[in-house]
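Each chain is listed here by its residues.
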Amino acid sequence: MSSSGGTRHVELFGRLDGWQWQIIVGDVDHVTRRPQTLDDPRFVAVPVTGYQRNNHRRVLSWITYARQAYKAGRRLPRPDVVYASTPHILAPVAGWALARTRRARFVLEVRDLWPEAMVSLGYLRRGSALHRVLRGLEVWLYRRADRIVIVADGWRSYFADVGVDPDRLVWVSNSAEPSDFHPRPEYRPLRERVPVRGRLFVYAGSHGPINGLGALLDAAAVLPEHTFVLIGDGHDKHTLVARAQAEGLSNVHFLDPVPKAELRAILGSAEIGVHVLADSPIYVKGASPNKMYDYMAAGLPVVNTCPGEPDELLVDSGAGLTVHAVDLAAGLRKLAGLDDATLIEMGRRGRRHIERYRSRTVMAARLQRMLDGLVPPVDR
């Protein structure tokens, strides 16, 4: 079950051999705040309430999703495994309840460390009554999962601290499939959509508080000779657009979200990908950024501001560099100053690294081994 992140799950589950699957999703995309229209029988959409801020309406949306997802799951054929992901912490509660009532194995996928992420980002005070409740719920879920899928390998120490047996942890990183990233004639290249001067930098992803895009606008103000394109939507987009207009940042262009297939086709027409996150202790524990894998799969060198695994990935592949957010302009200037041949070779190294170690195919094979171990083919 998932109320977001359908791309990850479709692309992983679609590569599994011998497994049939369905995904229960909310009928609202909370990033774009638009209804989700799904005509794929592998998806079951359930009604959820919308929200625009981190307030009680967001919690209400979590509750309605968990309730509706559980009810929808009861109407589906009995599963062998209930796979519950954590875009929020109540989704796996519904998953556990469904697994219990349908006598299925329970796999908990942790994509965000709840409630630690809320504490680190300032939305929740450590030690408060709500924090204690959520922390207790978090540990309760960990103890009841047959397996725990983590997207960041650096989180292992976090789970060790709460007493999780390391043998129950399975690392299945976010990833990308390089063969999906190639130009297609039906989609206009990125550099034909905006006026370009200098190097063309691209950011493709959510525009929310955790993304720290203020630092990217700071860098764009320092580098007016280069072009910045931000693709996507989110709670902070209107504020970011208004700031760029107020400051006269004519080298910054905002594009609406595009379908995944179109994004894959146009990313490669940029020159450098930018991965930026808000400065928060949560990301020191580990991160698995989809957008960075997309850039590398598209053959783009990357400038990154997140320490830990994203930095290690760039060091191992030789596909870019990591800087602190306050030094983002300097990092962008450094890559922009390299010659075309050097940038192209950096991009090729990143693409090869993703193909060998972080592709959807590689990660689906890890997921396959875990699921087959839980429910062997003869028992399905």
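Now for a description of the structure that goes with this document. Every value quoted in this text rests on a predicted model; they were computed, and no experiment measured them.

What counts and what doesn't
Residues numbered from 1 in each chain as written. Predicted model: local features only at pLDDT ≥ 70, side-chain atom pairs only at ≥ 80, totals over all residues. Heavy atoms only, no water. Pairing = 2+ DSSP bridges. Helix = DSSP H or I, 4+ residues; strand = E, 2+ residues; numbered from the N terminus. Axes fitted to C-alpha atoms, helices over the stretch in contact; angles between N-to-C directions. Phe/Tyr/Trp six-rings, centres within 6.5 Å; stacked < 30°, edge-to-face > 60°. Buried < 20%, exposed > 50% of the residue type's maximum accessible area, 1.4 Å probe, protein only. Right-handed = clockwise from strand over helix to strand, strands pointing away. Salt bridge = Lys/Arg side-chain N within 4 Å of Asp/Glu carboxyl O.

The next point concerns the sheet that holds strand β13 (residues 302-304). Two strands in a sheet stick together by hydrogen bonds in their backbones, pointing the same way (parallel) or opposite ways (antiparallel). Strand order in the open sheet made by the 6 strands is β11-β10-β9-β12-β13-β14, with parallel pairing throughout. Each having just a single partner strand, β11 (252-255) and β14 (320-322) make up the two edges of the open sheet. Across the sheet, the mean angle from the axis of one strand to that of its neighbour is 20°, orientation sign disregarded. In this sheet, β14 lies alongside β13 in parallel orientation, the contact comprising 3 bridges. Looking across to β14, one finds that V303 is bridged to L321.

The next point concerns the packing of aromatic side chains. On inspection of all chains with the given rule, the structure shows 7 aromatic pairs. For the ring pair F13 and Y83, a centre distance of 5.2 Å and an interplane angle of 85° mean the geometry is edge-to-face. With F13 in helix α1 (residues 6-13) and Y83 in strand β5 (residues 81-85), this residue pair connects regions lying 70 residues apart in the sequence. With centroids separated by 5.0 Å and ring planes inclined at 20°, the aromatic side chains of F201 and F228 adopt a geometry described as stacked. Pair noted here: F201 is in strand β9 (residues 200-204) and F228 is in strand β10 (residues 227-231), with a separation of 27 residues, a long-range link.

Looking now at the pairing of β10. The buried fraction of β10 amounts to 5 of the 5 residues, a majority that puts the element mostly inside the structure. In β10, alternate side chains face the same way, and those of T227, V229 and I231 on one face and F228 and L230 on the other are all buried. Two elements, β9 and β10, share 5 bridges in a ladder whose sense is parallel. Among the inter-strand pairings, L200 is bridged to a residue of β10, identified as T227. Between β9 and its parallel partner β10, the chain crosses via helix α7 (residues 213-222), and the hand of that crossover is right-handed. When β10 meets β11, the two strands line up parallel, connected through 4 bridges. Paired with L230 across the strands is F254, a residue of β11. Regarding topology, helix α8 (residues 237-246) serves as the crossover connection from β10 to the parallel β11, and that connection is right-handed.

With that settled, consider the pattern of salt bridges. Enumeration over the complete set of coordinates arrives at 21 salt bridges. Its salt-bridge partner being E247, residue R243 comes within 2.9 Å of it at the nearest N-O pair. Overall, R243 belongs to the partly exposed group, its relative accessible area being 24%. Looking at E247, the relative accessible area reads 41%, which means it is partly exposed. Across the pair E345 and R352 runs a salt bridge whose closest N-O atoms are separated by 3.5 Å. One network of salt bridges, in which partners are shared, links E11, D180, R264 and R360.

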